[in-house]
Amino acid sequence: MSETIHHTGVVTRISQEAVFVRITQRSACSGCHAQSLCSASEQKEQIIEIPDHTGQYAVGEKVEICGQINLGMEAVILAFVIPLILVVAGVAIGITLGCDESASGLISLLTLVPYYGALYLFRDRLKRRFVFTIRKLNS
């Protein structure tokens, strides 16, 4: 059984197919008492789309969203690890072909175009794979 991560958020919008929840994502040190003096702490808001057809949520309601940790790792691999490998491989291919550094860099960046194009084409499948669940907070 996989572990889950939990975030509390506020329902910002509701459609027929989904509930949109705003969460505040914080860095690990954002709870520190010295965060106002430190530039390392940061937080940003994100809107998470959660499939829901129940109609039991209202705009402005506080909810908790849950996601599986292993899916988070899979997302990191898709978003960061594979592109890094493609860029390094592109530079290596460019150097092997005898290109100068700028041409090798351009080749490495061009390897990302089909990769991100494929991610875009499979976005609906990925959306079904990376699903969050939602539940009401006991208040």
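Numbering of residues starts from 1 in each chain and follows the order in which that chain's sequence is written. Thresholds applied to this predicted model are a pLDDT of at least 70 for local features of residues and 80 or more for the giving and counting of side-chain atom pairs; totals over whole chains, interfaces and linings are not thresholded and use all residues. Hydrogens and waters are ignored; side-chain quantities use all the structure's heavy atoms.

## Focus on the overall build of the protein
- In this description a helix means any DSSP run of H or I spanning at least four residues, a strand means any run of E spanning at least two, and both kinds are numbered starting from the N terminus. From N to C terminus, the protein includes four helices and five strands.
- Going from N to C terminus, the protein has its helices and strands arranged as β-β-β-β-α-α-α-α-β.
- Relative accessibility thresholds used throughout: buried, under 20% of the residue-type maximum; exposed, over 50%; partly exposed, between the two (1.4 Å probe, protein chains only). The buried share of the protein, taken over its 139 residues, is 20%.
- Any two residues whose heavy atoms approach within 4.5 Å are treated as being in contact. Of the contacts made within the protein by residues no fewer than 6 positions apart, 68% connect residues no fewer than 24 positions apart.
- With residues, only the protein chains shown are counted as cover, and all accessible areas are computed by Shrake-Rupley using a 1.4 Å probe. If you sum the accessible surface of the protein, you get close to 10,000 Å²; carbon and sulfur atoms cover 61% of it.

## Notes on the side chain of Asp52
- Mapped onto the elements, Asp52 comes out in the loop between strand 3 (43-51) and strand 4 (62-68).
- It is Lys136 that comes nearest to the buried, bridge-free Asp52 among opposite-charge side chains, at 9.2 Å.
- For Asp52, the contacting residues outside a window of four places in its chain are Gln16, Glu17, Ala18, Val19 and Tyr57. Two residue types count as positive, namely Lys and Arg, and two as negative, namely Asp and Glu; His and chain ends fall outside the count. Think of a salt bridge as a Lys or Arg side-chain nitrogen and an Asp or Glu carboxyl oxygen that are within 4 Å of each other.

## Section: the pairing of strand 4
- For strand 4, a buried count of five out of seven residues is recorded, marking the element as mostly surrounded by other parts of the structure.
- Strand pairing is assigned whenever DSSP identifies at least 2 bridges connecting the two strands. Strand direction decides the pairing type here: strand 1 (residues 4-14) and strand 4, joined by seven bridges, are antiparallel. Bridge pairing links His7 to Ile65 in strand 4.

## Some remarks on the packing of helix 1 (residues 69-96) against helix 3 (residues 112-121)
- Contact geometry of helix 1 with helix 3 gives a least axis separation of 10 Å together with a crossing angle of 155 degrees. Relative to helix 3, the element helix 1 is oriented roughly antiparallel. For helix 1 against helix 3, the interelement crossing comes out right-handed. Each of Leu78, Ala79, Ile82, Pro83, Leu86 and Val87 in helix 1 lies in contact with helix 3, whose residues at this interface are Leu112, Tyr115, Tyr116 and Leu119. Every axis corresponds to a line fitted to the C-alpha atoms, with the helix fit spanning only the stretch in contact, and the corresponding angles, defined between N-to-C directions, vary from 0 to 180 degrees. Just so you know how the angles are binned, under 35 degrees is roughly parallel, over 145 roughly antiparallel, 65 to 115 roughly perpendicular, and the rest oblique. Left-handed describes a crossing whose near helix is turned anticlockwise from the far helix through less than a right angle; right-handed describes the clockwise counterpart.

## Examining the confidence of the model for the protein
- Counting all residues, the mean pLDDT for the protein is 84, and 85% of those residues have values of 70 or more.
- Per-residue pLDDT, averaged within each element of the protein, yields its smallest value for strand 3 (83) and its largest for helix 3 (95). For every residue, the predictor assigns a confidence score, pLDDT, that lies between 0 and 100.

## Quick word on the nonpolar core
- Nonpolar cores are built from buried Ala, Val, Leu, Ile, Met, Phe, Trp, Tyr and Cys residues. Side-chain atoms within 4.5 Å join them into one set. Ranked by size, the top nonpolar core spans 10 residues in total: Val11, Val19, Val21, Ile23, Ile48, Ile50, Tyr57, Val63, Ile65 and Ile134.
- Broken down by secondary-structure element, the contributors of at least two residues to this core are strand 2 (18-26), strand 3 and strand 4.
- Residue contributions to this core peak at three residues, all from strand 2.
- Not counting residues up to four positions away in its chain, the partners in contact with Val63 are His7, Thr8, Gly9, Val11, Val21, Tyr57, Ile134, Arg135, Lys136 and Leu137.

## What to know about the packing of aromatic side chains
- Classification of ring pairs uses Phe, Tyr and Trp, with its six-membered ring standing for Trp, and accepts pairs whose centres are within 6.5 Å; under 30 degrees between planes counts as stacked, over 60 as edge-to-face, and the remaining range as tilted. The final tally for this structure, using the stated rule, is one aromatic pair.
- Pairing Tyr115 with Tyr116 gives two aromatic rings, centres 5.4 Å apart and planes at 65 degrees, and the pair type is edge-to-face.
- When its relative accessible area of 39% is taken as the criterion, Tyr116 is described as partly exposed.
- A cation over a ring is seen here: Arg13 above Phe20, with NZ or CZ 3.9 Å from the ring centre. A positively charged side chain is recorded as over a ring if its NZ (Lys) or CZ (Arg) lies within 6 Å of the ring centre. The angle to the ring normal must also be within 35 degrees.

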